[in-house]
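Okay, here's what each chain looks like letter by letter:
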Amino acid sequence: MTFLASTAVLGACPPTPSASGTDTDVDPTTGAQTQTMGSTGEECPIGDLGCACTQGGACNDGLNCSPDKKCEPAEDTTTSESGPDETTASTTAEPVTTDSDVSTTGPVTPCNPADGQPNVECMDIDAQQPFCSDAGVCGGCTVLPPDGCSLVDPDKPICNPDDGQCVACTLDDQSLCSGATPACNPANNTCEGCFEHSHCPDTACDILKRECFPTDKVLYIRHGLEIDKKCTNKVGQGGYEDAPYCNANLAIDHAQSEGPTSGWTFKFLETDAATFHGDIHIPSVDVQEPISYAFVHVGSFPQQELGQKQHTRLESNGPVITVGANVVAYVNNFSIYSISNQDDNAVGVGCLQNSSVFLDDSYIRDTRGSGIRSIGCDVYLRRSSVYNSRTEGVELNCAEQHCELHMINSYISDNQHVQSDGGGGIFAENATLDINFSGILGNNAEIDPNDMFARGDSIHCVGETVDGQIRNSAIGRKPMGNAMSIKCSTDKLKIKDTLLDSDDFKMFNNKKAGEDVLGYFLTNSLSGARPINPEPPVGQVQDLEFAVWEKGDPRVDFDGQARKAKDTQPDYVGADVMGP
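Worth saying up front: this structure is predicted, and the values here are computed from it rather than measured.

The volume enclosed by the second largest pocket comes to roughly 850 Å³. Surrounding the second largest pocket, 35 residues form its lining, Ser300, Phe301, Asn332, Asn333 and Asp361 being those nearest its centre. When contributions to the lining of the second largest pocket are tallied by element, the ones reaching two or more residues are β16 (291-297) and α5 (303-306).

If you want it as structure tokens, here you go:
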């Protein structure tokens, strides 16, 4: 489910120009581009001199594609055997020619265009290059005319330049994705159910089911006092936008008034009260299949504004969000504060067995207990952070029931310890860790550097009970902590393509001292995000390009900035990419 973290924020590819003098026009009834005649009145073959370029922006031998998408004589330059200049390839806005494109310098594979498409001759040579261009050259869909894929298969009308295949959608073009399948899965380029809340603008996405929440189960909340007539405490008589409930727990009582039904969206409205929204308590339910709730708010705000907006902040002097057994809770775009100074149970999020909690675009901070405490429930962090808890950042107490932590484009940072309460970044027992493009930075367990049984500051695994994989991440403990940053079994937990400070896990990773790892990153004192330091005090920024992006990995970083997103190509470790 790695692709679930992808976010479609990249702009759509520009359409082929159709201004006067070009060789393609748009059919006003279908929108398809059609072949036109050349200046002599004869048909102008795609890829020939003076004719239109292919869909992938290629031309026949000795020709280049001009900015107005016409084939013109190539300049007198050659491409070295080592390939294009890496700097140019990573910054140009034009498509990079791949093996599936028509070569402009090397030998080409001939074919007979009359055999149709896909072409038998081409498929016999290479099944991945099944198409024959008008010029008689085999290749991927990028050798086809602009409307070539729609002629081959109307259900797959889009040419994907990444692999040269005709597909139903790409993240740049999701025009065919709607209704029950509003999202394009970038792993297989098919329209599927939702995997981001933005795919369901009227409610929210039930991500585990890949379905939008129903629009007839929406309840509104405005924190305040009933005496102000801005909200109601009468269960069953509120929940409307003009008569919202005074707190979330009244709305939950409404949703469960006739039994534990699923599919409710709770929308938080801005409040005039002097306080922020309070706690959320979802009681355990006795059901065979977990029920799903979503907590969203009216309006959307970047993380740096979440703590300042009264309807985006949840605050309590005890547990802030409690998720009982058999519940799936989606929390989207909130800041979560616990203001207790003494209670170890004052956690940001606590959840019980057979449940799941998703935190999207949110942050937890300043909790006296753990930022997140799982007692047998699964936790998903997507573009979120757990910051400055005074014990563990994420505590997976799953001895009685196995649990999972899925973490992508997220941070666990600067979580400390209180005497005899453990502390550190992640504490895990009987759990699976699935972490990708994330940062576990500046955490510190209870200090005892001379105790061989002391916790690992960044990740502490109980015995041989923790497995899983960490990729493309940055892990560095707070200086002057315990002797070990990651204290887990190297046989059970696999880490690769990661910047870290662990001797035990240095194989296939970039090993640095803990203080040097931290030197590569800045600190956001509001959310705990750790963006890349543009002028790191140690080493070179190139040391951070140690990650390996794979198809299905996120195409953007923590704050929505585009990654290079090229399969098996280098990328930045952690949840942030280097800005321009």
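Our focus in this paragraph is the pairing of strand β13 (residues 218-221). Residue alternation in β13 divides its side chains into two sets, Val218 and Tyr220 and Leu219 and Ile221, and both sets are buried. Both β13 and strand β14 (residues 264-268) contribute to a ladder of 4 bridges, which runs parallel. Bridging across to β14, Ile221 finds its partner in Phe268.

Should the charged atoms of two oppositely charged side chains come close, the side chains can pair. Inspection of the entire model under this criterion finds 23 salt bridges. Measuring nitrogen to oxygen at the nearest pair gives 3.0 Å for the salt bridge that ties Glu226 to Lys234. A relative accessible area of 27% places Glu226 in the partly exposed class. For Asp366, the salt bridge identified is with Arg365, shortest N-O distance 2.7 Å. Summarising the burial analysis for this pair, Asp366 and Arg365 share the class buried.

By definition, the strands of a sheet pair up through backbone hydrogen bonds, in either a parallel or an antiparallel sense. Taken together, 9 strands build an open sheet; the order of strands is β17-β20-β23-β26-β29-β32-β35-β38-β39 and the sheet is parallel. Since the sheet does not close on itself, it has two edges, and those belong to β17 (313-316) and β39 (510-511), each with one partner. Taken together, the 4 bridges between strand β32 (residues 439-443) and strand β35 (residues 474-477) define a ladder with parallel strand orientation. Its bridge partner being in β35, Ile440 is matched across the sheet by Ile475.

Another point: the confidence of the model for the protein. Averaged over all residues, the pLDDT of the protein equals 83, while 84% of them reach at least 70. Low pLDDT (under 50) marks residues 1-41, which in the prediction has 87 contacts with non-local residues, meaning those over four places away or in another chain.

To continue, consider the state of the cysteines. Tallied over the entire structure, the rule returns 12 disulfides. Covalently, Cys177 is tied to Cys191 through a disulfide, its sulfur atoms 2.1 Å apart. Because the sign of the S-S torsion sets the handedness, a value of about -80° for the bond joining Cys177 and Cys191 places this disulfide among the left-handed ones. Here Cys177, found in the loop between β8 (165-167) and β9 (183-185), pairs with Cys191, found in strand β10 (residues 190-192); they are 14 residues apart in sequence, far enough to count as distant. Relative accessible area serves as the criterion here: at 10%, Cys177 is assigned to the buried category. Each sulfur of the disulfide joining Cys398 and Cys403 lies 1.9 Å from the other. Across the disulfide from Cys398 to Cys403, rotation about the S-S bond amounts to roughly 85°, and the bridge is consequently right-handed. Neither residue differs from the other here; Cys398 and Cys403 are each classed as buried.

Thresholds applied
- Residues numbered from 1 in each chain as written.
- Predicted model: local features only at pLDDT ≥ 70, side-chain atom pairs only at ≥ 80, totals over all residues.
- Heavy atoms only, no water.
- 1 Å grid on protein atoms, 1.4 Å probe; cavity = no way out; pocket = protein on both sides within 12 Å on 5 of 7 lines; lining within 4 Å.
- Points joined across faces, edges and corners; volume = space filled by probe spheres on them.
- Helix = DSSP H or I, 4+ residues; strand = E, 2+ residues; numbered from the N terminus.
- Buried < 20%, exposed > 50% of the residue type's maximum accessible area, 1.4 Å probe, protein only.
- Pairing = 2+ DSSP bridges.
- Salt bridge = Lys/Arg side-chain N within 4 Å of Asp/Glu carboxyl O.
- pLDDT = per-residue confidence, 0-100.
- Contact = heavy atoms within 4.5 Å.
- Disulfide = S-S within 2.5 Å.

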